[in-house]
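Take a look at the letters that make up each chain.
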2 protein chains.
Amino acid sequence: MSSAKPTIDDVARVAGVSRATASRVINNAPGASGPLRVRVHEAVAKLGYLPNEAARALASGRPRAVDVIAVTCNPPGGWLGSNPYYSRVLAGMMPLLADAGAQLRVHALSHDSAPEALDEIAAGVTLGAVLSDVTPTLAARFHRRCRRTVSLVPTAATVPAMVADNIGGAYAAVTELHRLGRRRIAAIHGPVISSCAADRRIGHLRAVEQLGLAEVSAAAPFTREGGYQAAQQLLAQHPDLDAVFVACDLMAAGVVQALTACGRRVPEDVSVIGFDDSVAASCTNPPLSTMRLPVEEMAAAAVRLLLSGDITSGHRTLFPAELVRRQSTAR
Amino acid sequence: MSSAKPTIDDVARVAGVSRATASRVINNAPGASGPLRVRVHEAVAKLGYLPNEAARALASGRPRAVDVIAVTCNPPGGWLGSNPYYSRVLAGMMPLLADAGAQLRVHALSHDSAPEALDEIAAGVTLGAVLSDVTPTLAARFHRRCRRTVSLVPTAATVPAMVADNIGGAYAAVTELHRLGRRRIAAIHGPVISSCAADRRIGHLRAVEQLGLAEVSAAAPFTREGGYQAAQQLLAQHPDLDAVFVACDLMAAGVVQALTACGRRVPEDVSVIGFDDSVAASCTNPPLSTMRLPVEEMAAAAVRLLLSGDITSGHRTLFPAELVRRQSTAR
DNA sequence: GCTCTCACTGGAAGCGGTCCCACGCGGTTA
DNA sequence: TAACCGCGTGGGACCGCTTCCAGTGAGAGC
């Protein structure tokens, strides 16, 4: 018994057929049949043959792998550990990829190294790439080098995208707070560099304007600490605020803690509404009302599009955000 | 300008050298030098050449990719979205992989499909594989097919592993509760199938025995809901419990909520201590004391080992768990 | 001045597949 | 019966790159 991995040639020899026929049978392609199929399958089983992905990729020009790319602050990958959002992206993709027998490659980049790294990734992309947190500029650049790209964040119009209705979601959240009778509604936005944060800000402003409210807001990174500090600051400037719209659940968790620390009761004194419906939302006390984004569905749709292959430039599907009422906005 | 991707042949032609020389320069290998190096680099820049990974992998027999494998309940990937633990694993690996120019492939399997799927993955593993949530049996099977494997969970002795001291951590947690004067300490364990959960249970039992406490415990899945229900059940059976050791922060978040819902104050009436120090731990109210596992460091160490290449069967590094004191155990 | 090194360089053989194409053979149609 | 068709099959040319090996020329030693 040789310890070297069996190749398709070994299979062909054992089965007594040509390499071409073996390939056809293994790939379940037409043009081979009956007894030969059986013999090849037997040979495969006997040898424990498993095709070499690299060779397959090279020969066919279309290996089966999907790339997920996120660009964030240093260190690369830092985001992954701290924000459950990204896990949901991966989770949404896995079942489909598993069914398709495709692999998932994860790339985490930092802003400074992103441009060249993106080019490199674009060169290696096979089935397609999903951009999960990339600035519009970078997304466009990437898309120029690799057409098989789908973005999960608002981006240049040319890049196909499966995006959440961040504007509408933020609008709905503020409206809900207003509906609850809140009038001194503050907002905590995400970092300016994030296009999601930008859209949520737009939705907030639109609602504030339409409802005739005063605009009170602060910005912070998408972390619990960021939310905590922003809330403290906001509370110092506007001690009478009675509601906070927070652009991310993780921040919102910090906001609830800050409010509690400052003697405000949630939801009696201050209503809080988050965004994302991440695991953190249900872990807070009281549990957070939030705008649920169908992240998994969006990611799945992106993969489905990539697997289908017919990706039309400019395609855009908008996924609505759904209000999840929990205790932080109970009256 | 042809739209076809340039190949190394194009580079060689433009640079006026042979393909072999171009390859040497591009791979920074010895045996080519001086003016030729410059010319090749110029050609690369001019053409925007980027090597084809598949071809490289095939020709050299050693592509650069690390596989991360987790086996969980259906659907495959479900775990990823709901438990921040796994994100930390990926986050810990990314910086090292980025430096090494290696790719990260993520595989999520469900229990029923795992055995065959694992064999297939093992055949494709290149730099190595990291097992992040696999039963000892499956881990051993995988390791038999692929030596370049490191486990992040307790497993068969032969499989190299970077594991957390779950036993010691659980022991320390219970001891801490005892130190705080708690005597009616309950425990909520994870699912029996998880070897981490099993070890944490062992640590708990050891402490309980040594401290002469009564053993009170329940088991639940590693989710907030699981923790909530287990806590309710425990509370019904033992209304006088004054502390809970919970084998996972996500469950612990549910426990805190259940305690609050049942009129217990945390930490005044009941101390709660979690495990993992995941994002959820700091989002709860009050924030959770917990046993911090250096997940990122463990994952990084695993990658470092794989990149170094000298993986000795049976290698085992134990990472201590560190008590993080937060409000849920304040006195 | 003529070998002998030695550092470079290019030719060419794979790596393990996919897939085009030519070939042979039994069965129709003229 | 001859030309024709089509399916199943095998031969062999690639895919893009690495790497072995033989060849080349310049410099050194005799």
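Residues numbered from 1 in each chain as written. Chains lettered and ligands numbered in written order. Predicted model: local features only at pLDDT ≥ 70, side-chain atom pairs only at ≥ 80, totals over all residues. Heavy atoms only, no water.

Peer 1: Hey, could you go over the pairing of strand E9 (residues 271–276) of chain B for me, with residue numbers and the actual values?
Peer 2: All names here are of chain B. Burial runs high along E9: six of the six residues are buried. Direction of pairing for strand E8 (residues 243–246) relative to E9: parallel, over a ladder of three bridges. Residue pairing across strands places Val 244 opposite Val 272, the latter belonging to E9. Once the chain exits E8 it traverses helix H12 (residues 249–261) before rejoining the sheet at E9, and the crossover so formed is right-handed. Here four bridges tie E9 to strand E10 (residues 289–292), and the two strands are oriented parallel to one another. Across the sheet, Ile 273 pairs through a bridge with Ser 289, a residue of E10. (Buried < 20%, exposed > 50% of the residue type's maximum accessible area, 1.4 Å probe, protein only. Helix = DSSP H or I, 4+ residues; strand = E, 2+ residues; numbered from the N terminus. Pairing = 2+ DSSP bridges. Right-handed = clockwise from strand over helix to strand, strands pointing away.)

Peer 1: Requested: an account of H12 of chain B, with residues and values cited.
Peer 2: Residues and elements named next belong to chain B. Along its 13 residues, H12 runs 18 Å from first to last C-alpha, staying within 8% of the 18 Å computed at 1.5 Å per residue. Burial runs high along H12: 11 of the 13 residues are buried. Within H12, the full set of buried residues consists of Asp 249, Leu 250, Met 251, Ala 252, Ala 253, Gly 254, Val 255, Val 256, Gln 257, Ala 258 and Leu 259. Count one or two residues on from H12 and you reach Gly 263, which has phi positive near 85°. (Expected span 1.5 Å × (residues − 1).)

Peer 1: Before we move on, could you go through the relation of the copies chain B and chain A and cite the residues and values that matter?
Peer 2: Between chain B and chain A, which share one sequence, the superposing operator has a rotation angle of 180° and an axial displacement of 0.1 Å; the RMSD is 0.3 Å. The two molecules are tied by a two-fold rotation axis, judged by turn and shift. Comparing interface residues between copies, 100% of those in chain B also lie at the interface in chain A; the contact surface is shared. (Least-squares fit on C-alpha atoms with pLDDT ≥ 70 in both. Contact = heavy atoms within 4.5 Å.)

Peer 1: Which residues make up the interface of chain B and chain A, and what are the values?
Peer 2: Contacts between the two partners involve 44 residues from chain B, matched on the other side by 45 residues from chain A. Across the chain B to chain A interface the summed buried area is about 3,600 Å²; carbon plus sulfur atoms make up 66%. Sorting the residues of chain B by area buried against chain A places Leu 50, Cys 283 and Asn 285 of chain B first, and these three jointly supply 16% of that buried surface. There are nine residue pairs in polar contact (both at pLDDT 80 or more) connecting chain B and chain A. Only helix H4 (53–60), helix H5 (78–82), helix H6 (85–100), strand E2 (103–110), helix H7 (114–124), H12 and helix H13 (279–283) of chain B provide two or more residues apiece to the side of chain B that touches chain A. Residues of the side of chain B that touches chain A, tallied by class, amount to 24 nonpolar, 13 polar and seven charged. Bridging between strand E2 (residues 103–110) of chain A and E2 of chain B involves three bridges; their strand directions are antiparallel. Counterpart to Val 106 of chain A in the pairing with E2 of chain B is Leu 104 of chain B. (Buried area = accessible area lost by both parts, 1.4 Å probe. Polar contact = N/O pair within 3.5 Å; in protein donor to acceptor, adjacent residues only side chain to side chain. Nonpolar A, V, L, I, M, F, W, Y, C, P; charged D, E, K, R; others polar.)

Peer 1: Mind laying out the packing of helix H11 (residues 224–237) of chain B against H12 of chain B, listing which residues take part and the relevant values?
Peer 2: All names here are of chain B. At a minimum axis distance of 6 Å, the contact between H11 and H12 shows a crossing angle of 45°. Taken together, H11 and H12 sit at an angle that is classed as oblique. Handedness of the H11/H12 crossing: right-handed. Here H11 contributes Arg 224, Gly 227, Tyr 228, Ala 231, Gln 232 and Leu 235 to the contact with H12, which in turn contributes Leu 250, Met 251, Ala 253, Gly 254, Val 255, Gln 257, Ala 258, Leu 259 and Ala 261. Partitioning the contact of H11 with H12 into residue classes produces 10 nonpolar, four polar and one charged. (Axes fitted to C-alpha atoms, helices over the stretch in contact; angles between N-to-C directions. Parallel < 35°, antiparallel > 145°, perpendicular 65-115°, else oblique. Left-handed = near helix turned anticlockwise from the far one by under 90°.)

Peer 1: Describe the protein's contact with DNA strand D, listing the residues and the values that go with them.
Peer 2: Near DNA strand D, the surroundings consist of 27 residues, among which Arg 24 of chain A together with Ile 8, Ser 23, Tyr 49 and Arg 62 of chain B are the closest. Put simply, 61% of the atoms of DNA strand D that lie within 4 Å of the protein are in sugar or phosphate. Within the backbone of Asn 52 of chain B, an N or O atom sits 3.2 Å from a phosphate oxygen of DNA strand D. When contributions to the surface near DNA strand D are tallied by element, the ones reaching two or more residues are helix H2 (19–26) and helix H4 (53–60) of chain A together with helix H2 (19–26) and H4 of chain B. (Near = heavy atom within 4 Å.)

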